[in-house]
Amino acid sequence: MDIKEKLQEMEERIIKLESSVPKIFPPVKPLGYKDKKRILVTGGAGFVGSHLVDRLMMDGHSVTVVDNFFTGSRKNLEQWTGHQNFEIINHDVINPLFIEVDQIYHLASPASPPHYMLNPIKTLKTNILGTINMLGLAKRVKARFLISSTSELYGDPDIHPQSEDYWGNVNPIGPRACYDEGKRAAEAICYAYVRKENIEVRVARIFNTYGPRMHISDGRVVSNFIIQALENLPITIYGSGKQTRSFQYVSDLVEGLVALMNGDYSLPVNLGNPDEYTIEKFATLIKEFVGSSSPIVFKEGLEDDPEQRKPDITRAKQYLNWSPKVSLQDGLQKTVDYFKKEVQVSKTGLRS
């Protein structure tokens, strides 16, 4: 027997042994039949979606994830694989879906610029056709529908901070338009279904969010800066560095999404952290936090990159009793710890 055959035999024995040991799942709240909801999460294998799935599962609901794994990962959901309340379907939302559910969290869409600009036509299809298909499902089964919209529909804003009654300043033909206009169209489609089909719709306009399970190469500010700092590579700022962003930790966002879905307010709601940082200050903060020797370098600005981004969360406070709770210090600690492990895995191929 050669070495390959021996290794294969060992792998088969390990798989058999693992399958014979009962899997230990995270604790799940017991719910009665009347309280337990059947919940669909599109894009549930992604960064935000998987954290939302964790919350819904631990609350005791029956959760079905639909994902085509373009940017999502099965690894984000492995803690629930095999649980009686959990199901995952490999499906693209640009095609219709026929299942029975009580609530739909529609999160399916690439959300970082490198991902959504990689295939702009597919991004538009996902946000337009995908939203139509999921609203069609909501209509058929009378489910409440929540869509993850974005602060990007405000474009490069003329007002600051941005409130929900601001209509935005978006370049409709620029490189980011596939995402910005896709989400604007998706909101319009949602409210057309409200007026025509009496669908219960909730719209979350999500601002910059960070935390564990972010894709290591998604091109967003937080992940870029942390990876560059950990590797002692130049921390790259595109533009002057004076442009501002606001960063919320993912658990705060999940709390806001659940509150919005289960509340009575039906107009768009900003979900974000109003603490504002210049990109240059944020890069310096990350560098100091990691203890990195990385230099900070400036490169030419990106087309249609907004100069300011800060949410007005008055609606969220008033109608959802929601505001972010996690400090930047605590959120960054958890995020940096996660990325340290991911960098190690990328180098060794070994996961603890």
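Residues numbered from 1 in each chain as written. Predicted model: local features only at pLDDT ≥ 70, side-chain atom pairs only at ≥ 80, totals over all residues. Heavy atoms only, no water.

Asker: What's the story with the nonpolar core in this structure? I'm lost.
Answerer: Grouped burial of nonpolar side chains is what soluble globular proteins tend to show. Counting residues in hydrophobic clusters, the biggest one holds 58 residues, and the most contacted among them are Val53, Tyr105, Leu257 and Leu271. Broken down by element, the residue count for this core peaks at seven residues, all from helix α7 (residues 250-262). Apart from residues lying up to four places away in sequence, Leu257 is in contact with Val48, Tyr105, Leu146, Ala204, Ile206 and Leu271. (Core = buried A, V, L, I, M, F, W, Y, C linked by side-chain atoms within 4.5 Å. Buried < 20%, exposed > 50% of the residue type's maximum accessible area, 1.4 Å probe, protein only. Helix = DSSP H or I, 4+ residues; strand = E, 2+ residues; numbered from the N terminus. Contact = heavy atoms within 4.5 Å.)

Asker: Would you take a moment to explain the packing of aromatic side chains for this structure?
Answerer: Within a pair of aromatic rings, the relevant descriptors are the distance that separates the centres and the angle that separates the planes. Per the stated rule, a full pass over the model turns up nine aromatic pairs. Ring geometry for Tyr210 versus Tyr249: centroids 5.5 Å apart, planes at 70°, classification edge-to-face. Highlighted residues: Tyr210 in strand β7 (residues 209-210) and Tyr249 in strand β10 (residues 248-249), separated in sequence by 39 residues. The pair Tyr210 / Tyr249 is uniform in exposure class, with both members buried. Following the ring pairs from residue to residue traces out a cluster consisting of Phe225, Phe247, Tyr277 and Phe282. (Phe/Tyr/Trp six-rings, centres within 6.5 Å; stacked < 30°, edge-to-face > 60°.)

Asker: Looking at this structure, I do not really get helix α2 (residues 47-58). What am I missing?
Answerer: Residues spaced three or four apart along an α-helix face the same direction, because each turn holds 3.6 residues. Helix length check: α2, at twelve residues, gives a terminal C-alpha distance of 17 Å against a target of 16 Å (1.5 Å per residue), a fit within 8%. Looking at α2, one finds that the buried residues are Phe47, Val48, Gly49, Ser50, His51, Leu52, Val53, Asp54, Leu56 and Met57. Buried residues along α2 sit against β1 (38-42), β2 (62-67), β3 (86-90), β4 (103-106), β7 and α7. Note on α2: the residue one or two positions beyond its end, Gly60, has a positive phi of about 100°. (Expected span 1.5 Å × (residues − 1).)

Asker: Looking at this model, I keep getting lost on the packing of α2 against α7. Mind explaining?
Answerer: Axis angle and axis distance: for two packed helices, these are the angle between their axes and the distance between the axes, and together they describe the pair. The geometry of α2 relative to α7 is characterised by a closest axis approach of 10 Å and an angle of 65° between their N-to-C directions. Once α2 is placed against α7, the crossing between them reads as right-handed. Listed contacts from α7 to Phe47, Val48, His51, Leu52, Arg55 and Leu56 of α2 are Val250, Leu253, Val254, Glu255, Leu257 and Val258. Here the contact of α2 with α7 is composed, by residue class, of nine nonpolar, one polar and two charged. (Axes fitted to C-alpha atoms, helices over the stretch in contact; angles between N-to-C directions. Left-handed = near helix turned anticlockwise from the far one by under 90°. Nonpolar A, V, L, I, M, F, W, Y, C, P; charged D, E, K, R; others polar.)

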